[in-house]
Number of protein chains: 2
Amino acid sequence: MISATEEDYIKAIFNISRKIKNAMVGTNQIAKEVNTSPASVTDMLKKLKTKDLIQYEKYKGVKLNPTGTKRAVLLLRRHRLWESFLVEKLGFGWDEVHDLAEQLEHIESDELINKLDDYLGNPKFDPHGDPIPDVQGIFTLRNQQLVQHLSVGESGIVVGVKKHDKDFLHHLSQFKIEIGKSISVLEKFAYDNSISVKIDGQKDIMIGAIISENVFVKKL
Amino acid sequence: MISATEEDYIKAIFNISRKIKNAMVGTNQIAKEVNTSPASVTDMLKKLKTKDLIQYEKYKGVKLNPTGTKRAVLLLRRHRLWESFLVEKLGFGWDEVHDLAEQLEHIESDELINKLDDYLGNPKFDPHGDPIPDVQGIFTLRNQQLVQHLSVGESGIVVGVKKHDKDFLHHLSQFKIEIGKSISVLEKFAYDNSISVKIDGQKDIMIGAIISENVFVKKL
DNA sequence: AATATTTTTTAGATTTGTCTAAAAATAAAT
DNA sequence: ATTTATTTTTAGACAAATCTAAAAAATATT
Ligand SMILES: [Mn+2]
Ligand SMILES: [Mn+2]
Ligand SMILES: [Mn+2]
Ligand SMILES: [Mn+2]
């Protein structure tokens, strides 16, 4: 048995571990990610170790072991399938589903999640463009590139975002930038890294660096 | 804020309170319903009282107050909408959804539940024939009657069940008895209260007292 | 009314997850 | 190589929800 809280810690370690590419995850990083004190993290790490979900030595940082990684990937699968359901079926905006999925991901039932997967048509990506692991935990990697790195004249299809917070997503929606939309680069301004682009054939707009550095496209 | 555990106690009080028609609910009854010790119930009753969800005096039993009742009805709404979703959309059997709904009902979001309601087409009854409260907490009463009380020659449509346990529901399914099916009484045997019936125009079968005493029909 | 039974509450512990404050270890700066 | 700063761990406490065993109150029985 693994509690919802333990699952959240596992997920946090997994997420940080990917961001910092490789190596040991620190106590403070986890504390920040799960929004708690470093002392609480240490307590939890001890427990997760006895449950054989992590590799952990005092002061040396932590790393998920294969069992822990499997758990994290399953959790990611659940989270993203629920997000897909909320957006595709219930009509929520992509900026509104994270917190709900954060709760729903802890519902314990493999049958439920697999039926949900089928019901949704076994989607490969969630509403934010993130890959959804299949039953075996395998997920498709997208071939992606930041808008920032498109040259003038080039264009791409939006396939993902680097920032996932509500405000950023909402901001993107206001510019009609969403997964699947096309972006063509008209002009780049080195001064402040702003870019003039055309979204889905609509009229030209200016996007700032925050956007171009955090939106992934697949070059056409 | 009200925790999932507190919600389960509130629901238990509500359910018992309806079964025993009126009056004060006892500590032991609740303990049985939520599967815990009477001592734990007493502790929780004290807490629920400070949260102003119940009317409670030492040794005098407990009763939901208006706020508590509202909570219980909302919970019932959530539970039954999730059950409907699981059966109608995901293809679960009516005997498989209770425990899942028991978890899902605690997801905290009014918007979610209202969108789910709309998505399902605002159903009035759940897969077990139980009424689903609307946003205001109002629910349709069904006009019902036990199969037991049908006379020879009479028939009715199955509209509900009195027992909700997995095994009973599964048993009914084996006889093809489900919500919406028609039942015609061919012959009644006083000796053991068994009844010979025709289900949905299929070939005659014998049903025992356990079934006839726990299946509700609407007389045709 | 007195006794026995059942129901309910208290007392005292335990587990899970959290906190603050202080100590210890590690890393960075001088 | 010391000193300083940062990170991490311990110590000790607390709230939520639970338990068992014992006491108290309410019911039922004789
Ligand atoms: Mn979560
Ligand atoms: Mn997502
Ligand atoms: Mn529940
Ligand atoms: Mn039901």
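Refer to the structure printed above.
Residues numbered from 1 in each chain as written. Chains lettered and ligands numbered in written order. Predicted model: local features only at pLDDT ≥ 70, side-chain atom pairs only at ≥ 80, totals over all residues. Heavy atoms only, no water.

**Student:** What is the right way to look at the pattern of salt bridges in this model?
**Tutor:** Working definition: two side chains of opposite charge can pair if their charged atoms are close together. Across all of its chains, the model carries 31 salt bridges over all chains by this definition. Residue Glu6(A) is joined to Lys51(A) by a salt bridge in which the shortest nitrogen-to-oxygen separation is 2.9 Å. Of this pair, Glu6(A) sits in helix α1 (residues 4-19) while Lys51(A) sits in the loop between α3 (38-50) and β1 (54-56), placing them 45 residues apart in sequence. Judged by relative accessible area, Lys51(A) falls into the partly exposed class, the value being 34%. Residues Glu7(B) and Arg71(B) are paired through a salt bridge, measuring 3.1 Å at the closest nitrogen-oxygen approach. Of this pair, Glu7(B) sits in helix α1 (residues 4-19) while Arg71(B) sits in helix α4 (residues 66-88), placing them 64 residues apart in sequence. According to the relative accessible area criterion, Arg71(B) is partly exposed, its value standing at 24%. One network of salt bridges, with partners in common, ties together Glu7(A), Arg71(A), Arg78(A) and Glu108(A). (Salt bridge = Lys/Arg side-chain N within 4 Å of Asp/Glu carboxyl O. Helix = DSSP H or I, 4+ residues; strand = E, 2+ residues; numbered from the N terminus. Buried < 20%, exposed > 50% of the residue type's maximum accessible area, 1.4 Å probe, protein only.)

**Student:** Sorry if this is basic, but what is going on with the pairing of strand β5 (residues 182-189) of chain A here?
**Tutor:** The two faces of a sheet get side chains in turn, since along a regular strand they alternate between them. All names here are of chain A. Bridge count between strand β4 (residues 155-161) and β5: 3 bridges; the pairing is antiparallel. Among the inter-strand pairings, Ser155 is bridged to a residue of β5, identified as Ser184. Alignment of β5 against strand β6 (residues 194-199), held across 6 bridges, turns out to be antiparallel. Across the sheet, residue Val185 finds its bridge partner in β6, namely Val197. The loop that links β5 with its antiparallel partner β6 comprises 4 residues; one of these, Asn193, has a positive phi angle of about 60°. (Pairing = 2+ DSSP bridges.)

**Student:** Explain the protein's contact with DNA strand C here, please?
**Tutor:** Taken together, 21 residues form the shell around DNA strand C, and within it Ser3(A), Thr36(A), Lys47(A), Tyr56(B) and Lys58(B) come nearest. If you look at DNA strand C and keep only atoms within 4 Å of the protein, 77% of those are sugar or phosphate atoms. Taking Thr36(A), its side chain carries an N or O atom lying 2.4 Å from a phosphate oxygen of DNA strand C. At 3.0 Å, a side-chain N or O of Thr42(B) approaches a phosphate oxygen of DNA strand C. When residues of the surface near DNA strand C are traced back to their parent elements, those giving at least two are α1 and α3 of chain A together with α2 (27-34) and α3 (38-50) of chain B. Here the residues of the surface near DNA strand C sort into 7 nonpolar, 9 polar and 5 charged. (Near = heavy atom within 4 Å. Polar contact = N/O pair within 3.5 Å; in protein donor to acceptor, adjacent residues only side chain to side chain. Nonpolar A, V, L, I, M, F, W, Y, C, P; charged D, E, K, R; others polar.)

**Student:** I tried to follow the interface of chain B and chain A on my own but got confused; where do I start?
**Tutor:** Interface size is often expressed as the accessible area that is lost when the parts come together. Contact with chain B, which involves 20 residues of that partner, is made by 20 residues of chain A. Summing the contributions of chain B and of chain A, the shared interface buries around 1700 Å²; its carbon and sulfur component is 72%. A per-residue breakdown of the area chain B buries against chain A is headed by Leu90(B), Lys115(B) and Tyr119(B), which together make up 30% of the total. For the interface between chain B and chain A, the tally reads 0 salt bridges. Within the residue set of the side of chain B that touches chain A, elements represented by two or more residues are α4, α5 (98-104) and α6 (110-119) of chain B. Tallying contributions element by element places α6(B) first for the side of chain B that touches chain A, with 5 residues. Here the residues of the side of chain B that touches chain A are counted per class, giving 11 nonpolar, 4 polar and 5 charged. (Contact = heavy atoms within 4.5 Å. Buried area = accessible area lost by both parts, 1.4 Å probe.)

**Student:** I keep staring at the sheet that holds strand β4 (residues 155-161) of chain B and nothing clicks. Help me out?
**Tutor:** Within a sheet, each strand pairs with its neighbour through backbone hydrogen bonds, oriented either parallel or antiparallel. All names here are of chain B. Taken together, the 6 strands give an open sheet; going across it, the order is β3-β8-β4-β5-β6-β7, and neighbouring strands pair in antiparallel fashion. The open sheet is flanked by β3 (145-146) and β7 (205-207), the only strands paired with a single partner. Bridge analysis of β3 against strand β8 (residues 215-219) gives 2 bridges, and the strand direction is antiparallel. If you follow Leu146 over to β8, its bridge partner there is Phe216.

**Student:** When you look at the coordination of the manganese ion (ligand 2) in this model, what are you seeing that I'm missing?
**Tutor:** Octahedral six-donor coordination of a metal ideally yields angles of 90 or 180 degrees, compared with 109.5 degrees for tetrahedral four-donor coordination. All names here are of chain A. Protein coordination at the manganese ion (ligand 2) comes from Glu83 (OE), Asp126 (OD) and His128 (ND1), with a distance range of 2.1 to 2.4 Å. As a motif over one chain, the donors of the manganese ion (ligand 2) read E-x42-D-x1-H. Accessibility expressed as a relative area gives 5% for Asp126, which makes it buried. Taking relative accessible area as the criterion, His128 reaches 3% and is therefore assigned buried. (Donors = N, O, S within 2.8 Å, 3.2 Å for Na, K, Ca; no water.)

**Student:** Looking at this model, I keep getting lost on the side chain of Ser109(A). Mind explaining?
**Tutor:** Residue and element names in this part refer to chain A. Here Ser109 is to be found in the loop between α5 (98-104) and α6 (110-119). Under the relative-accessibility criterion, Ser109 is labelled buried at 14%. A distance of 3.5 Å separates the side chain of Ser109 from the backbone nitrogen of Glu111, its partner in a polar contact.

As far as function goes, none of this settles anything; it's purely spatial.
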